[in-house]
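Single-letter residue listing:
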Amino acid sequence: MDEKRLEAFEKMLDAVLSQYDSTTEKMARLKADGKEKTATYRQLFADKLQYQNMISYYRAYGLLEDDRE
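Notes on the structure in this doc start here. (Residues numbered from 1 in each chain as written. Predicted model: local features only at pLDDT ≥ 70, side-chain atom pairs only at ≥ 80, totals over all residues. Heavy atoms only, no water.)

## A few points about the overall build of the protein
Phase 1: A tally of regular secondary structure across the protein gives 2 helices and 0 strands.
Phase 2: Relative to the 2.2 N^0.38 estimate, which gives 11 Å for 69 residues, the radius of gyration of the protein is 14 Å and therefore markedly larger than a compact globule would have.
Phase 3: C-alpha atoms of the protein, sized along the principal axes, occupy 50 × 20 × 15 Å.
Phase 4: Put simply, the protein has 69 residues, and 22% of those count as buried.
Phase 5: In the protein, once contacts between residues fewer than 6 apart in sequence are set aside, the share between residues at least 24 apart is 51%.
Phase 6: Carbon and sulfur atoms form 51% of the exposed surface of the protein, whose accessible area is close to 5500 Å².
Phase 7: When the 12 positive and 14 negative side-chain charges of the protein are each reduced to one mean point, those points stand 9 Å apart. (Helix = DSSP H or I, 4+ residues; strand = E, 2+ residues; numbered from the N terminus. Rg over C-alpha atoms; globule rule 2.2 N^0.38 Å. Buried < 20%, exposed > 50% of the residue type's maximum accessible area, 1.4 Å probe, protein only. Contact = heavy atoms within 4.5 Å. Areas by Shrake-Rupley, 256 points an atom, 1.4 Å probe, with all protein chains shown as cover. Lys, Arg positive; Asp, Glu negative; His and termini not counted. Charge placed at Lys NZ, Arg CZ, Asp CG, Glu CD.)

## A look at the nonpolar core
Phase 1: L13, V16, L17, Y20, Y51, I55, Y58 and L64 together form the largest nonpolar core, which totals 8 residues.
Phase 2: Of all the secondary-structure elements, those providing two or more residues to this core are α1 (2–32) and α2 (39–60).
Phase 3: Element by element, the count of residues in this core is highest for α1, at 4 residues.
Phase 4: In this view, Y51 contacts V16, Q19, Y20 and T23; residues no more than four positions away in its chain are not counted. (Core = buried A, V, L, I, M, F, W, Y, C linked by side-chain atoms within 4.5 Å.)

## Describing a nonpolar patch on the surface
Phase 1: Taken together, the side chains of Y57, Y61 and L63 make up a nonpolar region of the molecular surface, amounting to roughly 390 Å² of accessible area.
Phase 2: For L63, the position within the fold is in the segment after α2. (Patch = residues over 30% accessible without salt bridge, like charges linked within 9 Å, V, L, I, M, F, W, Y side chains within 5 Å. Salt bridge = Lys/Arg side-chain N within 4 Å of Asp/Glu carboxyl O.)

The values are spatial; any link to function lies outside them.
This is how it looks when you write it as structure tokens:
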């Protein structure tokens, strides 16, 4: 049971980090196109904050060792 749970946590962490990176890239493209005031950009910004919050919880509980964010 513990191995499966650890594996699930690792998969979740990978997914959160991947989504964070993807969201950041999309925001950068929109910003380069001058579309910072669009609803899409604002939604991505909210998503990015949510992912940052999740990452900070992983870090606070010692589940994330690298210096990403």
